[in-house]
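Topology and contacts: notes
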Amino acid sequence: MLDHFSQPPPILPNIDQELLDYLICPERLPIHQYERNQEFWPRVSDPTSLFHYDNSPLSTMLKVQRDPNTGEIIDFREVPIQGAGSTAKNSMSLTRTPAPPSEATWGSISNFPFWPGGFPEVVTDLPEETAKFNTDELLTIPPGFTRGLIFEDDGCTIKTDSDGVLMPQKIPKSNNVVNLMDILDQNHDYLGIWETIEKEKASNLEQEQNEQTATLPEEDEVIPKELPVLRISEPPKLKPGQGTEWAVLLDTSKPVTDFRERIPEMALEYEFELDTFQKLAILQLEKHNHVFVAAHTSAGKTVVAEYAIALSQKHMTRTIYTSPIKALSNQKYRDFKHKFKDVGLVTGDFQINIKASCLIMTTEILRSMLYGGSEVTRDLEYVIFDEVHYINDKERGHVWEQVLIMLPAHVCVVLLSATVPNTIEFADWLGRTYQKKVYVVTTYKRPVPLQHYLYTGCGGSSRDNKYLVLDANGKFSMEGYNQANESIVKVKDKKQEKEHFKPQPKAPIKKGIYTPKQEKTMWDGLIDHLNKKELLPVVAFTFSRQRCDQNAESLMHLDLTNETEKFHIHTFFEKCIKSLKEPDRNLPQIQMMRQILSRGIGIHHSGILPIIKEMIEMLFQKQFVKLLFATETFAMGVNMPARTVVFDSISKHDGRQLRNLLPAEYIQMAGRAGRRGLDKTGTVIILCKGLVPPVNALQEMMLGRPSQLQSQFRITYGMVLTLLRVESLSVEGMMSRSFREADHQKKMHDIRKELEKVEAELSKECTRELSEYMEPLVEFYNSASTYLRARQEVLASIMKSPRVTKELIPGRILLITYKFHINKLALLLNANVKLNECTYKVLILTDKTDKSNDKQNQDLWYKMLALSNDQIYSPEGSPGHEVLTINVTDIFEITSKVIKVDTDLVMRDWEKRQIPRFRNDPPGQSCNLAIQELLNLTLNTVDRTNSENRATYLDFIQDLKVNEINLIEDIKHLNKLKDNLLDYISSTHIANFEEQFSIVFARKSLEDKKKDLQFQLSFASMSLYPEYEKRINILKELNYVNSQNRVELKGKVACEMGMNELLITELVLRNILADLQAAEVAALLSALVFQAKTRCEPNLTEELKKGKVAIENVFNEIQTLEKLYGIDKVAEGYNELNFGLVEVVYEWANAKPFAEIMKLTDVQEGIIVRCIQQLNETICDVRSVARLTGDPKLHSKMEEASAAVKRDIVFAASLYTQHENL
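As annotated in an unreviewed UniProt entry, the protein carries the name Helicase SKI2W and is attributed to Ignelater luminosus. As stated in UniProt under Subcellular location (unreviewed entry), the record for the protein gives "Cytoplasm". The Catalytic activity (unreviewed entry) comment attached to the protein in UniProt states, word for word, "ATP + H2O = ADP + phosphate + H(+)".

What follows covers the packing of aromatic side chains. Applying the stated criterion across every chain, the model contains 21 aromatic pairs. Pairwise contacts between aromatic rings join Phe780, Tyr781, Trp861, Phe993, Phe997 and Phe1001 into one cluster. The positively charged end of lysine 824 is found above the aromatic ring belonging to tyrosine 873, 4.4 Å away from the centroid. Between arginine 1207 and the ring centre of tryptophan 1148, over which it is positioned, the NZ or CZ distance is 3.6 Å.

Now for the packing of helix 12 (residues 363-371) against helix 13 (residues 397-406). Following both chains from N to C, one finds helix 12 and helix 13 inclined at 40 degrees, their axes separated by 9 Å at the closest point. Classified by the interaxial angle, the pair formed by helix 12 and helix 13 is oblique. Read as a crossing pair, helix 12 and helix 13 show a hand that is left-handed. Side by side, helix 12 and helix 13 meet where Thr363, Glu364, Leu366, Arg367, Leu370 and Tyr371 of the first sit next to His398, Val399, Trp400, Gln402, Val403 and Met406 of the second. Across the contact of helix 12 with helix 13, the residue classes break down as seven nonpolar, three polar and two charged.

By the criterion of burial, strand 11 (residues 380-385) is predominantly enclosed, with six of the six residues buried. As defined by bridge partners, strand 7 (residues 318-323) adjoins strand 11 across five bridges and the pair is classed as parallel. Bridge pairing in strand 11 links threonine 319 to tyrosine 382. The pairing of strand 11 with strand 12 (residues 412-417) spans four bridges and is classified as parallel. Bridge assignment links isoleucine 384 to a residue of strand 12, and that residue is valine 414. Traced from strand 11 through helix 13 to strand 12, the parallel crossover comes out right-handed.

Below, the discussion takes up the environment of leucine 939. Locating leucine 939 in the fold gives a position in helix 32 (residues 925-942). Judged by relative accessible area, which is 41%, leucine 939 ranks as partly exposed. In sequence terms leucine 939 and isoleucine 872 are 67 residues apart; their C-alpha atoms lie 9.1 Å from each other.

One pass over the full model with this rule turns up 40 salt bridges. Note that lysine 566 and aspartate 559 form a salt bridge whose closest N and O atoms lie 2.7 Å from each other. Residue lysine 566 is classed as buried on the basis of its relative accessible area, which comes to 19%. Accessibility expressed as a relative area gives 41% for aspartate 559, which makes it partly exposed. Where arginine 812 meets glutamate 807, a salt bridge forms, and the shortest distance between an N and an O atom there is 2.7 Å. With relative accessibility at 5%, the residue arginine 812 sits in the buried group. Looking at glutamate 807, the relative accessible area reads 25%, which means it is partly exposed. Each of Glu519, Arg547, Asp648 and Lys689 takes part in one network of salt bridges that share partners.

Reading guide: rules and limits
Residues numbered from 1 in each chain as written. Predicted model: local features only at pLDDT ≥ 70, side-chain atom pairs only at ≥ 80, totals over all residues. Heavy atoms only, no water. UniProt positions renumbered as here; feature names shortened; annotations may be inferred. Phe/Tyr/Trp six-rings, centres within 6.5 Å; stacked < 30°, edge-to-face > 60°. Lys NZ or Arg CZ within 6 Å of the ring centre and 35° of its normal. Axes fitted to C-alpha atoms, helices over the stretch in contact; angles between N-to-C directions. Helix = DSSP H or I, 4+ residues; strand = E, 2+ residues; numbered from the N terminus. Parallel < 35°, antiparallel > 145°, perpendicular 65-115°, else oblique. Left-handed = near helix turned anticlockwise from the far one by under 90°. Contact = heavy atoms within 4.5 Å. Nonpolar A, V, L, I, M, F, W, Y, C, P; charged D, E, K, R; others polar. Buried < 20%, exposed > 50% of the residue type's maximum accessible area, 1.4 Å probe, protein only. Pairing = 2+ DSSP bridges. Right-handed = clockwise from strand over helix to strand, strands pointing away. Salt bridge = Lys/Arg side-chain N within 4 Å of Asp/Glu carboxyl O.

Below, the structure is given as structure tokens:
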């Protein structure tokens, strides 16, 4: 019996092999019943099936007309359907057919986006114009033919004679010659004809529409003329803005006394009295206007966002709240969930309640939804952008601009930002983009004023050394600063006496000289001081993850919580980690956090596991964490104020250099001090650690202006391909509407006016044709203009060459042309060579023949006169002199002569005689000597028979020995253009040259100015246009787009990528990932997302090594192509491939526990988790590409890879979404 029960229970037999044999081995089939083994049904042809076709979409529908009293149907009316036949695949209209449910939220890369509010509406469906022309005047003879055909009155039948021969029509002389000038001189208003026809058509169309929508007489008394329907898809029509002013700054200094009268029933009631800036913003939200709120941290900007959400729920529309980081999205979801209930969260990993009226997401996700034509956009009323100053981020700031441009016109934008100095400028750009006013609300008032201190204590009796340097009114105290300096000196003296050292010079101690023991002593003293003064809780901003951990571990002996708080902390901690697996609960970081949190100490930085960071944030909000060591990211977003903020240092490393904190950074972090309603003032403490920061550094950081909002807009492959697939949109249009081009767009109106003015002047000049004898002068102008333009572009670089600057010493003789000073030798007095501009002070000779009031005042005119004549200027009679400040383009030649004279005395003498009191004084001795030497050299040079004392011109390459390769090419190009110019010099040697050339110059300069203005109005004048051309050339080279800029298959694949578009597309389409296992693909793709530094060399398998080499080869190939086309990836902050985490991800994808993979690297837990989460997004992108290209093998492999990495603590659910009752 026991043996019987020890056997496993019977199960169904495995028939997989039997089924396989049945399908692929027909020889095993039984020979009997052969008629049932294989059957064949011949296909019967049905030609009538070819007649079937899909019905065209309906263009009209029937509308019921009912009796208003009884509801009885009395009539049917046929009315047109707006957007008939338009779908997400062919239309950008909001009235198009809704997309299928699977594409409702995210949209599809094959869908058209809805028409962006930043682009002007395209005029479609224009009414046909039927002008009343005289048919006798219509041309019936094709151009170039000698005769035509005569038609009957029906316009189709050709007239023939009685014999049936076609009747030709000869060209009438009178109708073949049209004098346009005679027509213009008649000044007939031919446009009136069209206007009359348009009015008649419009009136007829209006009459037809009135007949279609006519109601019964009895309905007019009952049914209102306009139904009270909220139309968010139709923005209110406003009067066009005056000039370029699209931003309105609201006055927050005056109270809003009639707020309740203007909004008797608020969408959301508050228990406290709103501040003035909040009331002003809410008033504009009620009017459905764009609002930009700039205020300090904790000032109450979230009130404006909450009211926008409540208002959309009242209107039964939708709101999207965007945040710069995913963690902030989770926190906002929890906050808004308690207040509004109907709230959803959309991330790259998962979605919660995607049909909610309020959706929270990052800006990148909103951009993807807009490009994919998400159906969420239809009902969207408000989009709230939190932390808008994040637009300054070099890596991600361009996403904000793209989203702001791509939002449809009916969406109202709410911008929330810290105080920035150029809010009006940014709002003006946004208003001009939308052609709608943006209302700016700015307040510099803090709800809790801050007091800033320097702390110089180091334990013992110095633990209370805290000195006020900036009070709540923003006044800097030099007295407190000096006291802080003196206190550091006293501490040093006491240490020297105690250790029996001899007195030493009081040299400042460098920052960071504190040993770990001294750091521990200092923190002990500081925490004791804050505890006694009741200044806890405190956030200690430390700009190093390692120092955060070290400081927290060194203070494990402190205990800042009581027994009740310990119980709450322990209960909360255990409840949070309950969902984790047992091995994950025993991770070293979790064990350490359990210990330090029980003592009221926390750590918050990117190396901490996300679930631990969320625990710490929640405990800090409940004031169970008394001391929090955090990096800068803690200051972003969610309102988590403390009573005190401590700065471990005022300098940080930004990835490129060690620098002091910017004012905006300091204000953002210091703003965490002071809890509204709990503290009268907030305390900010800067640790000095043996050295008080320089007073100018403190003042600049505390009192300096915050960083301006600056455009980080850049061209990416993904943006180019996404916009090219939609013909109605263009990359050029996106670039022109970016914040980077805001100043250029402001000038467009003035440029157009200037162009009209130039065209009017040009039309006057062109009343008569230029004579044939002036054609050589035209050729001379064209050649000279080309030479001077090229000279202006490259001469500055040439003159900055070390070989050239070495020769440009004071006393050097130059040949210049400056305004009416044509071809004059000049004595160089001073050269001011800077990075952006080079200027030179020179002494020249003058006489009465100088035409200072010449009618041609353009600098180009004088330079062309200089090129037309190689004769050196020689003064007549006794010469005068003048000191000029010229630039590089005014220098025509550098001569071999140097005059030895004290140029400093010459300049001082000239500057003295510019003072009215000394204006009539004679020149000094040095100045007279310089004038005489310059005159003698001028006369000797003019005298061509004197070959010894003449000034000769130096060649840049042969004489000055310029050896830079790029400059040599530029110099050779200039010399070639100058040689071409010499071919036309002979045409200038004519009588009355200046008089004749002035006619040519007037016309040609106007034509050039017209071309320049047209260029400024074109897309090619934009700063990023050369970058766009480089990108599009690379895409053509790699066959992502064709010669007509149409997106090919590779381009459509790249559109699915969120990042590294070209690299991933090439890897997929070259089948580099095809032969790898799922774990190997995941491990190798981690090189695209991992950015941290590691000193551990990964141990790779042979397959991983081969895959690494293949990926590096493709990466280097793309990079080489980009260098060939001149794309600077370093300037964009481009990340190289980093294979430092390949082994870790490989073992994780092979189901190794998290604790084991941590032994393979020195990278912290939080960074690994973040890398794997980003990796999963990349894997999902590759999976989408496999589906698009029809590769089921790769698709299943990516499914397997995603499932392998998406597990356990790495993808533990956020506490903000998992436990709403925490």
